[in-house]
Amino acid sequence: MPVDEFKLINPPVLAVFMTDESNGREVTLPASDSEEAQKVYEQGLQMFNDGQTREAFETFVRATEIDPNCVDACVALARSFLTMDGQKYSDEAFFYGEQAYSADPNNPKARNVASSANFEKGKMAWDTQNWDGAVRYFKRAYELEPKAETLSALGYCAEKANMLADFADVCDKRLKQQPDDHPVKYILGRSYAKMAIDGSSAPDMAWIRTERLRRAEVQLMDYLATDSLNGHANYWLGIVYFMTDRLDEASHIVAKLQKIDPDRSKELEEFLAG
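Residues numbered from 1 in each chain as written. Predicted model: local features only at pLDDT ≥ 70, side-chain atom pairs only at ≥ 80, totals over all residues. Heavy atoms only, no water.

1. Notes on the overall build of the chain
Next up, step 1: What the chain contains, in helices and strands, is 13 helices and two strands.
Next up, step 2: The long-range fraction of contacts in the chain, counting pairs at least 24 apart against all pairs at least 6 apart in sequence, stands at 54%.
Next up, step 3: Counting only carbon and sulfur atoms, one obtains 49% of the accessible surface of the chain, whose full area is about 14900 Å². (Helix = DSSP H or I, 4+ residues; strand = E, 2+ residues; numbered from the N terminus. Contact = heavy atoms within 4.5 Å. Areas by Shrake-Rupley, 256 points an atom, 1.4 Å probe, with all protein chains shown as cover.)

2. A short note on the environment of Ala206
Next up, step 1: For Ala206, the position within the fold is in helix 10 (residues 206–224).
Next up, step 2: Under the relative-accessibility criterion, Ala206 is labelled partly exposed at 38%.
Next up, step 3: Separated by ten residues in the primary sequence, Ala206 and Ala196 place their C-alpha atoms 9.5 Å from one another. (Buried < 20%, exposed > 50% of the residue type's maximum accessible area, 1.4 Å probe, protein only.)

3. So, the side chain of Ser90
Next up, step 1: With respect to the secondary-structure elements, Ser90 resides in helix 4 (residues 90–103).
Next up, step 2: Those residues in contact with Ser90 that sit more than four places away from it in its chain are Lys121 and Met124.

4. Structural notes on the packing of helix 8 (residues 164–177) against helix 9 (residues 182–198)
Next up, step 1: One way to put it is that helix 8 packs onto helix 9 with a least axis distance of 10 Å and a crossing angle of 150°. Considering their axes alone, helix 8 and helix 9 lie roughly antiparallel with respect to each other. When you trace helix 8 past helix 9, the crossing you get is left-handed. Where helix 8 abuts helix 9, its residues Leu164, Ala165, Phe167, Ala168, Cys171, Asp172, Arg174 and Leu175 lie against Val184, Lys185, Ile187, Leu188, Ser191, Tyr192, Lys194 and Met195. (Axes fitted to C-alpha atoms, helices over the stretch in contact; angles between N-to-C directions. Parallel < 35°, antiparallel > 145°, perpendicular 65-115°, else oblique. Left-handed = near helix turned anticlockwise from the far one by under 90°.)

5. A look at helix 10
Next up, step 1: With 19 residues, helix 10 extends 27 Å from end C-alpha to end C-alpha; this agrees with the ideal 27 Å at 1.5 Å per step.
Next up, step 2: Among all positions of helix 10, only Leu213, Ala216, Gln219, Leu220, Tyr223 and Leu224 are buried. Take helix 10 and look down its axis: the buried residues cluster within an arc of 135°, on one side only. The exposed residues of helix 10 that point more than 90 degrees off its buried face are Trp207 and Thr210.
Next up, step 3: Summarising the contacts, the buried residues of helix 10 are in contact with helix 8, helix 9 and helix 11 (231–243). (Expected span 1.5 Å × (residues − 1). Arc of directions from axis to C-beta.)

6. Considerations on the packing of aromatic side chains
Next up, step 1: Scanning the model with the defined rule gives 14 aromatic pairs in all.
Next up, step 2: Clustering of aromatic rings is evident, with ring pairs tying together Phe57, Phe81, Tyr89, Phe95 and Tyr96.
Next up, step 3: For the cation-ring pair, Lys121 lies above Phe94, with the distance from its terminal atom to the ring centre recorded as 5.9 Å.
Next up, step 4: Arg136 extends its terminal NZ or CZ atom over the ring of Tyr137, reaching a point 5.0 Å from the ring centre. (Phe/Tyr/Trp six-rings, centres within 6.5 Å; stacked < 30°, edge-to-face > 60°. Lys NZ or Arg CZ within 6 Å of the ring centre and 35° of its normal.)

7. Let's talk about the pattern of salt bridges
Next up, step 1: Inspection of every chain in the model, using the stated rule, returns 14 salt bridges.
Next up, step 2: For Arg246, the salt bridge goes to Glu217, with nearest N and O atoms at 2.6 Å. Placement of the pair is Arg246 in the loop between helix 11 and helix 12 (247–260) and Glu217 in helix 10, with a sequence separation of 29 residues.
Next up, step 3: On the basis of relative accessibility, which here comes to 25%, the residue Arg246 falls in the partly exposed class.
Next up, step 4: Here Arg264 makes a salt bridge to Asp261, at a shortest N to O gap of 3.9 Å.
Next up, step 5: A relative accessible area of 16% means that Arg264 is categorised as buried.
Next up, step 6: Owing to a relative accessible area of 15%, Asp261 belongs among the buried residues under this scheme.
Next up, step 7: A cluster of three or more residues bridged by salt bridges with shared partners is formed by Glu211, Arg214 and Arg215. (Salt bridge = Lys/Arg side-chain N within 4 Å of Asp/Glu carboxyl O.)

Written as structure tokens, this is what we have:
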């Protein structure tokens, strides 16, 4: 079966369990099926190592037909589709990546390939300016495997989609897991500041703006404690000071930036001038 003719017409089910229709119970696949699928996968791996790429691909497919939850075979297929043409075969790569993760969420290879497949989907959505879709895929990719590149893409698309609040939630969740992830602290602080700038100025919404500025300051100060000369972080802190009527502190940031980042200093001066 040539690779280009491969179609997911009747893909294997995504569940780890099958249903016993006689009484509705969930039952696992027989151990023999799982073991047989793994043997078939290993045969395919040997073919791949011997340069028999097409035969290896077909053998990986056969392994998933025996056991849809053969993680190694699902990972191999997802990676194959991503390597061949990540955009052309994005649906197939996404399917097998998510299948691998569904079968074993703690498997590093499964998480990696599922993240990569979602990242590819995110890039495709970005290219068509489907910002909501891009946010959804990049968010999933980052949750599976936190990478700076993915977080940066997610932040950009979230801003385009007016979904910075969702992006902030992702950053907050990351910091609960990894409190010392300092780059995330900067990105989160900047996001809260941007939300405060773009938010409603209605009197009954003032408390939301105040809280966003408070959170922005906390995150930016934490970040600057480890990188006090970062021009971008100082710039956003200066904006927070200005928006909370601490003009002397904002002016101090302008003077500091003149020494470490003249471009950011000029931008901040222009912001303060209104």
